[in-house]
Amino acid sequence: MSSPESVRREDAAKASPARSAKPVSWLGDPDRRPGWLTDLSMLPALVVVVGVLSVLTDGMLTPSNIVNVGSQSAVVAIAAIGATFVILTGGIDLSTGSVIGASGVSAAWMITSTGSVAAGVAAGLLTGTVIGLVVGTVVAKMPVVPFAVTLAALYVVSGATTLLSHGKTIAPVPAGFIEFSIDGPGGVPYSVWLAVVLYAVAQTFLTRTAWGRRVLHVGANAEVARISGVHVARTKASVYAVAGLFSAIAGIVLTSGLAGAGAGMGGPLLLNIVGAVVLGGTSLFGGRGSLLRTAVGVLFLGFLSNGMSLLGLASFDQQIVTGAVIFIAASADGIGRRLRRGA
Amino acid sequence: MSSTYQWCARALRRQPLFPVWLVLVLALSGLYDEFGTGANFRNIAIQASPLIIAAVGATFVIMTGGIDLSVGAMLFLAAAIESSRAFVSAPAGVVFAAIAVTGLLMGLVNGVAIALTRVPALIVTLASMQVFRGAGGHITGQQNIDLPAHLRGIGTGSLLGVPAPVLLAAVTTLGGVLVFGRTVFGRYLQAIGSNRAAALNAGLPVRAVTIGAYALAGVLAALASLTQTARLGAVQPSIGDGYELTVITAVVLGGTSLFGGRGSITGTVLGALVLTTAQTGLVFSGASPYVFDIVRGGVLLVAVIAAGIRWRTLAQALRPAAAS
């Protein structure tokens, strides 16, 4: 019998001994390796950096300093959740920093004018989500490059926020609101606990819900996703809206940490937010990545900047190092991709 | 008669921005008496010069389908090096050469990383933007530094009544048009931007041309920095802040596609003129400088959407022809 069926079976029989002769451990086989192991591929780099910095400085790994790193990283960490979802679809959101400013300012304005923290938080969340939804709708529905739309949104939002707040810092906010980023259970600020909880929730959403699968699917191959019945435009728009929501949460936490809000407070965070996602190993081309990776990236940048401060580096020197680290990490990602494809 | 009409229609289709600029200028001249004066137009031309120079460089990059967010930071680092102590007593020629080399190196850093690793240019230049700006801050110590008098000639001098910055911008534009339209390099840029895979298969030196585009953008950013600082007479930490938006808006407004492959230098120059005219108009109206942030952001958004829609209708118009 020489039906195609039997030929295929023979091939399979021929192929299988070869495969079994050289057993691949589950560590080396990407298909059988648990996802969390891939997710933690940047962990060794984090350990090395923390190790080197703790030798160079005094008091890097004291409990109080670790809590310090956590509270300093909370804002970037929360905003980076949204950025991860956007980058997973193959997009980019440059407006994150200005949305942080806008939602922080609207939250602070609501708190100072009504005295109600709940109303302020609601106003902040609404501001961020609405901006994100508008940006996402334009990106998803129009034949445009995401970065151009979000770059335009960055300046429109920051300009409008500065105009509406007359370029002033909006303060004072109640002491209980400020307490949120200072104190909490176990001496760890509430803001850090919030970030941890949000990471757990977001990771669950990414890996355990249909929406999360759709995000990964759209990022891996939008055309295949469309053919298999995924509403690509709606998924893309939703991702930017989610990014707006998380930027808003980050903006509110930052307002609590600074005891007030100004339009320009989020702008300098953009590179750290995008950088944390890239450093963690989420692919800029979309489709591959997770919140666990971003968490590693956030901790990497957090410890790096804390260590540089302990070493007494000036802010512009820290800027050089952070930029260079992200530059190298992004280039290494590209080179690794080429090597894998070439092999 | 009808040939004149056809010529006008063709020119309009090729450069739809020109009437927009004309209307803008006429409207602002009608609104403000001071606007329509020779002195003001001269001022606008001088102000637009650094933007034109930097935007011509960015056009080359965007033509390859890339992007350079670090242009403002390159402006700042070049200015910082110009103001550094090492150059206080150096002759102007040496300083200008050093600035040009700085620009070339910055452009090469971007170009090599992008061409060799194929990482999105957006991320590479976002990171290098921080490195350049940090390095500039390191050199200046975030202080305002006055430039020595012999370095200001390029901003205040003039030749036959034409201000030096305008002259530089004109030379850059002419050079850009020639390189773009009359050289192999220019044709390769367009080929890479319209279809990188096809360009690779055709055996074009894709990497070298990509690196060349970023290097050129770096040199022109340095030249823009030189004109800008010479006019201001000082180097401030805020130089080039948010400049990437203005530059990209000018390029996109001029009709260059962010997807690469299609665009023009003259369009970019017109885009820069429209933006500078609008900015001057806003100054006349007494609006807060932040309004300009909103305006240029809004203009970029509208231009990008308009270009996208035009592209889509064009693609739809072409589809039946291709099918038959």
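Residues numbered from 1 in each chain as written. Chains lettered and ligands numbered in written order. Predicted model: local features only at pLDDT ≥ 70, side-chain atom pairs only at ≥ 80, totals over all residues. Heavy atoms only, no water.

Here we look at the nonpolar core
1) Next: Among the nonpolar cores identified, the biggest contains 169 residues, and A:Phe85, A:Phe147, B:Ile248 and B:Leu258 are the most heavily contacted of them.
2) Next: It is helix 4 (residues 63–88) of chain A that provides the largest number of residues to this core, a total of 13 residues.
3) Next: Residues in contact with B:Leu258, not counting those within four places in the same chain, are A:Val145, A:Phe147, A:Ala148, B:Ile62, B:Gly65, B:Ile67, B:Ile248, B:Val252 and B:Val304. (Core = buried A, V, L, I, M, F, W, Y, C linked by side-chain atoms within 4.5 Å. Buried < 20%, exposed > 50% of the residue type's maximum accessible area, 1.4 Å probe, protein only. Helix = DSSP H or I, 4+ residues; strand = E, 2+ residues; numbered from the N terminus. Contact = heavy atoms within 4.5 Å.)

Details of the environment of B:Val269
1) Next: Inspection of the secondary structure puts B:Val269 in helix 13 (residues 265–285).
2) Next: Between the C-alpha atoms of B:Val269 and B:Gly254, which are 15 residues apart in sequence, the distance is 7.2 Å.

Some details on the packing of aromatic side chains
1) Next: Going through the model one piece at a time under the given rule, you end up with four aromatic pairs over all chains.
2) Next: Between B:Tyr32 and B:Phe284 the ring centres are 5.8 Å apart and the planes differ by 35°, which places this aromatic pair in the tilted class. Residue B:Tyr32 is located in the loop between helix 2 (17–31) and helix 3 (38–63), and its partner B:Phe284 is located in helix 13; the two are separated by 252 residues in the primary sequence.
3) Next: The exposure class assigned to B:Phe284 is partly exposed, which follows from its relative accessible area of 29%.
4) Next: Taking the ring centre of A:Tyr155 as reference, the NZ or CZ of B:Arg296 above it sits at 5.0 Å. (Phe/Tyr/Trp six-rings, centres within 6.5 Å; stacked < 30°, edge-to-face > 60°. Lys NZ or Arg CZ within 6 Å of the ring centre and 35° of its normal.)

Let's talk about the packing of helix 4 (residues 71–82) of chain B against helix 12 (residues 243–253) of chain B
Residues and elements named next belong to chain B.
1) Next: Across the interface, helix 4 lies against helix 12 with an axial gap of 6 Å and an inter-helix angle of 125°. Considering the angle they form, helix 4 stands oblique to helix 12. Across from Val71, Gly72 and Leu75 in helix 4, the residues of helix 12 making contact are Tyr243, Glu244 and Val247.
2) Next: Among the residues making up the contact of helix 4 with helix 12, the classes are represented as four nonpolar, one polar and one charged. (Axes fitted to C-alpha atoms, helices over the stretch in contact; angles between N-to-C directions. Parallel < 35°, antiparallel > 145°, perpendicular 65-115°, else oblique. Nonpolar A, V, L, I, M, F, W, Y, C, P; charged D, E, K, R; others polar.)

Some remarks on the pattern of salt bridges
1) Next: For the structure shown, the criterion picks out two salt bridges over all chains.
2) Next: Notably, a salt bridge pairs A:Arg226 with A:Glu223, separated by 2.9 Å at the nearest N-O pair. Taken together, the positions of A:Arg226 and A:Glu223, both in helix 11 (residues 222–227) and three residues apart, correspond to about one turn of that helix.
3) Next: Judged by its relative accessible area of 41%, A:Glu223 is partly exposed.
4) Next: Notably, a salt bridge pairs B:Asp293 with B:Arg296, separated by 2.5 Å at the nearest N-O pair. Taken as a pair, B:Asp293 and B:Arg296 lie in helix 14 (residues 289–323) at a separation of three residues, close to a single helical turn. For the pair formed by B:Asp293 and B:Arg296, the shared burial category is buried. (Salt bridge = Lys/Arg side-chain N within 4 Å of Asp/Glu carboxyl O.)

Points about helix 5 (residues 92–117) of chain B
1) Next: With 26 residues, helix 5 of chain B should cover 38 Å at 1.5 Å per step; its first-to-last C-alpha distance of 38 Å lies within 8% of that length.
2) Next: Once helix 5 of chain B ends, the next one or two residues include B:Arg118, with phi positive near 60°. (Expected span 1.5 Å × (residues − 1).)

Observations concerning helix 10 (residues 210–220) of chain A
Residue and element names in this part refer to chain A.
1) Next: Those residues of helix 10 that sit buried are Trp211, Gly212, Val215, Leu216, Val218 and Gly219. Around the axis of helix 10, the buried residues are gathered within 165° of arc, so they sit on the same side. Away from its buried face, by an angle of more than 90 degrees, helix 10 presents the exposed residues Ala210 and Ala220.
2) Next: Here the buried face of helix 10 lies against helix 4, helix 9 (190–208), helix 11 and helix 12 (232–258). (Arc of directions from axis to C-beta.)

Description of the UniProt feature "transmembrane region" (unreviewed entry) in chain B
Residues and elements named next belong to chain B.
1) Next: Per the UniProt annotation, the sites labelled "transmembrane region" (unreviewed entry) are residues 16–32, 52–81, 93–116, 166–185, 206–230, 242–260, 267–284 and 290–309.
2) Next: Split by type, residues 166–185 is 95% helix and 0% strand. Its first and last C-alpha atoms lie 26 Å apart.
3) Next: Summarising residues 242–260: 58% helix, 0% strand, and an end-to-end C-alpha distance of 22 Å. (UniProt positions renumbered as here; feature names shortened; annotations may be inferred.)

Observations concerning the side chain of B:Ser257
All names here are of chain B.
1) Next: One can find Ser257 in the loop between helix 12 and helix 13.
2) Next: Here Phe259 takes part through its backbone nitrogen, which lies 3.0 Å from a polar atom of the side chain of Ser257.
3) Next: For Ser257, the contacting residues outside a window of four places in its chain are Ile62 and Arg262. (Polar contact = N/O pair within 3.5 Å; in protein donor to acceptor, adjacent residues only side chain to side chain.)

Points about the environment of A:Gly289
1) Next: Note that A:Gly289 resides in the loop between helix 13 (270–280) and helix 14 (291–310).
2) Next: Those residues within four positions of A:Gly289 in sequence are excluded, and the remaining contacts are A:Leu88, A:Leu206, A:Leu216 and A:Thr282.

Remarks on a nonpolar patch on the surface
1) Next: A grouping of A:Val48, A:Val52, A:Leu56 and A:Leu311 is seen on the molecular surface, where their side chains present a nonpolar patch of about 360 Å² in accessible area.
2) Next: Examined against the element boundaries, A:Val48 turns out to sit in helix 3 (residues 43–56). (Patch = residues over 30% accessible without salt bridge, like charges linked within 9 Å, V, L, I, M, F, W, Y side chains within 5 Å. Areas by Shrake-Rupley, 256 points an atom, 1.4 Å probe, with all protein chains shown as cover.)

What to know about the packing of helix 4 of chain A against helix 12 of chain A
Residue and element names in this part refer to chain A.
1) Next: Two elements in contact, helix 4 and helix 12, have axes separated by 8 Å at closest approach and are oriented at 175°. Here helix 4 is positioned roughly antiparallel relative to helix 12, judged by the angle of their axes. Contacts between helix 4 and helix 12 involve Val75, Ile78, Ala79, Ile81, Gly82, Phe85 and Val86 from the former and Val239, Tyr240, Val242, Ala243, Phe246, Ile249, Ala250, Val253 and Leu254 from the latter.
2) Next: Taken together, the residues of the contact of helix 4 with helix 12 break down into 15 nonpolar, one polar and no charged.

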